[in-house]
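# A look at the structure
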There are 2 protein chains.
Amino acid sequence: MGILNVVGIGPGNKENMTFAAYDAIKEADVIIGYTAYVKLLPEEFKNKEILSTGMRAEKERCEIALREANSGKKVALVCSGDSVVYGMAGLIYELSEDYSDVEIKVIPGVSAAISGSALIGAGIGNDFAVISLSDYLTPKETIFKRLVAAAKSDMVIALYNPVSKTRKDSLIEAVDALLEIIDKDTPCAVARNIGREEESYTVTTLIGLKETEADMFSTVFIGNSMSAVVNGKMITRRGYKI
Amino acid sequence: MGILNVVGIGPGNKENMTFAAYDAIKEADVIIGYTAYVKLLPEEFKNKEILSTGMRAEKERCEIALREANSGKKVALVCSGDSVVYGMAGLIYELSEDYSDVEIKVIPGVSAAISGSALIGAGIGNDFAVISLSDYLTPKETIFKRLVAAAKSDMVIALYNPVSKTRKDSLIEAVDALLEIIDKDTPCAVARNIGREEESYTVTTLIGLKETEADMFSTVFIGNSMSAVVNGKMITRRGYKI
């Protein structure tokens, strides 16, 4: 029986990878992943057999992983951030019904909502929503319904995929929708290239987000009524009396 | 200058701890944390200086950490799961203004929404909300407003602190509120003692949650319209055509 570990590698650096994730990659006969993420793996794994597929080839990538594992190999299917949250684990389970000789294990990782929240300060202290602005698999109407629901109920929001080459204005559209609900001066932040060499962040306000640089490698944080800026960091208080 | 690392240790086992978290604890002169979580630390740290405080002594715990760091020590303030999400990082930043000689670093960890989601299958594949049912710091009205908002906008929901000694019925109350909005057969799950020896999980339905055991060490997952049960696991599809 082959083993398929679906591995969340965290933001990219070894520091923010878990021991289980590292070990699963180390012990793998073959590593499979999205081309851009495979490049982030620690140097010591670069001489292993690596199969990579491009963006939007997720189904193909999962089928390769299942086939390789079904042939008896130990496979690590790597996902940036977590293996489940916007990752491949669900698709693997769905497709696995055709592969009887595969033992699947899902290894969680630090998703960008979590790693980015620490980078900008303590962005998410309390209840929160994680919403991707990508309309590739989710209708735009559903995305905006979620945004509005989260803002109206005073949750902190972490936005994944805030913009892309074909969605240059999606962050601005989201901000415009949020400006109808929450104060324009609500603390917000952009975390960029978390855990990578070019890591950076900007703490701003909701209205300020419209002028703040964000790209495909950014995670955007929208504060709630408990958010504040302390020493240039964005924090969200939990409610302790101090 | 002293160093204060606010460390998310993940669910408890070393496997799901990041390298950065482990190293911060290893290099610490003193470890500070909630009594129950300090016990979860790997054996090799048990001979270090450890200061622990009880539940709800969060402010005291943070002040001890800041004082120890301010005296020049290297401090690891450990939090279960993540250091920010329902963790101590925000409070540390708030209180830090009185301590000028402390360098603060926040080290993220795998929060229970993420580790539990992997344990039950692939619970969170898409947009989601994380909501704590504890009304210690958040009014119950706000909590239920968030629950309703998340369910109405078809987000997966991860519930933290589903019950406690003084809130024996809070999960049942939450399920009753959700039954007004989403189908009673929606896939749901309970993850218990994630990453610990007694780890277990149950996959059920929304109505089934009313009969499913959950305690203070459980995280509850409420599916959305994309959730399904595959081979006894709860998954939430992202929307790929298969």
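Cut-offs applied
Residues numbered from 1 in each chain as written. Chains lettered and ligands numbered in written order. Predicted model: local features only at pLDDT ≥ 70, side-chain atom pairs only at ≥ 80, totals over all residues. Heavy atoms only, no water. Pairing = 2+ DSSP bridges. Helix = DSSP H or I, 4+ residues; strand = E, 2+ residues; numbered from the N terminus. Contact = heavy atoms within 4.5 Å. Least-squares fit on C-alpha atoms with pLDDT ≥ 70 in both. Buried area = accessible area lost by both parts, 1.4 Å probe. Salt bridge = Lys/Arg side-chain N within 4 Å of Asp/Glu carboxyl O.

## Side note on the sheet that holds strand S13 (residues 233–236) of chain B
All names here are of chain B. Strand order in the open sheet made by the 3 strands is S6-S13-S12, with mixed pairing throughout. With one partner strand each, in any of the chains shown, strand S6 (121–122) and strand S12 (227–230) form the two edges of the open sheet. Sheet topology places S12 next to S13; 4 bridges connect them, and they run antiparallel. Looking at the pairing, alanine 228 lines up with isoleucine 235 of S13.

## Observations regarding the side chain of asparagine 126 of chain B
Considering the arrangement of structural elements, one finds asparagine 126 of chain B in the loop between S6 and strand S7 (128–132). Ignoring any residue separated from it by four or fewer positions in sequence, one finds asparagine 126 of chain B in contact with Tyr86, Thr138 and Arg146 of chain A together with Arg237 and Arg238 of chain B.

## Re the relation of the copies chain B and chain A
For the pair chain B and chain A, the superposition axis carries a translation of 0.0 Å, the fit reaches an RMSD of 0.0 Å, and the rotation angle comes to 180°. Taken together, these values place the two copies in the relation of a two-fold axis. By residue overlap, the copies meet face to face through one surface: 100% of the interface positions of chain B are interface positions in chain A.

## A look at the interface of chain B and chain A
In this assembly, 67 residues from chain B lie in contact with 67 residues from chain A. Summed over both sides, the interface between chain B and chain A buries roughly 5900 Å², with carbon and sulfur atoms accounting for 65% of that surface. The largest per-residue losses of area from chain B upon contact with chain A belong to Phe19, Arg146 and Tyr240 of chain B, which jointly make up 13% of the total buried on that side. Run the count over chain B and chain A and you get 4 salt bridges. Among the ionic pairs, aspartate 154 of chain A bridges to arginine 146 of chain B, the shortest N-O distance being 3.7 Å.

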